[in-house]
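# Structural description and commentary
Residue strings, one per chain:
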Amino acid sequence: MLFINTRPEDRAGALTQALSEAGYQVVGLPLLELVAEPFSQGLQQLYQQLDQVQAIVVVSPTAVEVGMQYLQQAGVTLEQLQHVRWIAVGQTTAQALARFNIQSDVPQVENSEGMLDLPILKQQKNLKKIAFWRGLGGRQFMMQQLQQQGIEVLNFVLYRRQCPQQSFALFPEILNQINPQQPVTVLISSEASWNYWQQICEQVQQPRTWIYLVLGQRLAQLLEKTRTQTNKAFNIIQLENLSASEIIQRMRDWQGHV
């Protein structure tokens, strides 16, 4: 089975190595690259309000990297934020925060729904204002859910996501190198990556059935809706997280049922 690793280049290596060691053929096709937004007066004003928040949600290692850089640029110290609870979307983001000696709450399911299930957000005791360190267009669902519950959200748009141009050129080459009958599994980790994947697929006629490994229930439902609307045949396997062990186990489970 061929596995198309769509994670950004700086996060793909460990997964590719683990899958290769497990006997899978892996090719890289990053669907997202992250570009920092410039530091602005608007961000400066948001950083000056961080001492008023009870929690900061950090949605990626890039959000940690850019967020901490701009925190220093804004003249705010971590000592001023000792009262803040930090929430990381997953273990990789938590590890990035740990490099700044920050402990964070991490959900079991590494997505918006998983974070909303954390006790600090679900019980909402004394939670009045929360900050999001995120990318443009990301985590809208989660922010809307909290705002509907009367929580004020400080929206830090620290970077934007785009599809690497080289991936559009690389995809036809990948198709040419594989047997049309070979099962191909594609990792879809976010709605943005799914949208970019569809754009890439539009340029090439590829009469094959794809197997999509998707993160979380909401993303799985989005793909099911697309499958119904387009009448296309593809398989959907839901992941609880993006760890190599979870991905390998789900792939083996699927292979055992076909």
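Everything discussed here concerns the structure shown above.
Worth saying up front: this structure is predicted, and the values here are computed from it rather than measured. (Residues numbered from 1 in each chain as written. Predicted model: local features only at pLDDT ≥ 70, side-chain atom pairs only at ≥ 80, totals over all residues. Heavy atoms only, no water.)

This part takes up the overall build of the protein. When helices and strands are counted, the protein shows eleven helices and eleven strands. A compact globule built from 258 residues would reach a C-alpha radius of gyration of about 18 Å, and the protein, at 19 Å, matches this within 12%. Burial status across the protein gives 49% buried among its 258 residues. Taking the contacts inside the protein whose residues are at least 6 apart along the sequence as the reference set, 71% of them involve residues at least 24 apart. In the structure as shown, the protein presents an accessible area of about 13,000 Å², 43% of it carried by carbon and sulfur atoms. Charged side chains in the protein number 19 positive and 20 negative. The centres of these two groups are separated by 5 Å. (Helix = DSSP H or I, 4+ residues; strand = E, 2+ residues; numbered from the N terminus. Rg over C-alpha atoms; globule rule 2.2 N^0.38 Å. Buried < 20%, exposed > 50% of the residue type's maximum accessible area, 1.4 Å probe, protein only. Contact = heavy atoms within 4.5 Å. Areas by Shrake-Rupley, 256 points an atom, 1.4 Å probe, with all protein chains shown as cover. Lys, Arg positive; Asp, Glu negative; His and termini not counted. Charge placed at Lys NZ, Arg CZ, Asp CG, Glu CD.)

Counted at 1.5 Å a residue, the expected span for helix α10 (residues 217-230) with its 14 residues is 20 Å, and the 20 Å between its end C-alpha atoms agrees. Among the residues making up α10, those that are buried are L219, A220, L223 and T226. One face of α10 carries all of its buried residues, which in axial projection span an arc of 120°. Opposite its buried face, α10 presents the exposed residues Q217, K225, T228 and Q229, each directed more than 90 degrees away. The positive-phi residue at the C-terminal boundary of α10 is N231, with phi of around 60°. (Expected span 1.5 Å × (residues − 1). Arc of directions from axis to C-beta.)

The six strands are arranged β3-β8-β7-β4-β5-β6 in an open sheet whose pairing can be described as mixed. What marks the edges here is a single partner per strand, and that holds for β3 (33-36) and β6 (104-105). Alignment of strand β7 (residues 129-135) against strand β8 (residues 152-162), held across seven bridges, turns out to be parallel. Residue pairing across strands places R134 opposite V157, the latter belonging to β8. Contacts from helix α3 (residues 61-73) reach β3, β4 (55-58), β5 (85-88), β7 and β8 within the one sheet, and its direction differs from that of β8 by about 115°. (Pairing = 2+ DSSP bridges. Axes fitted to C-alpha atoms, helices over the stretch in contact; angles between N-to-C directions.)

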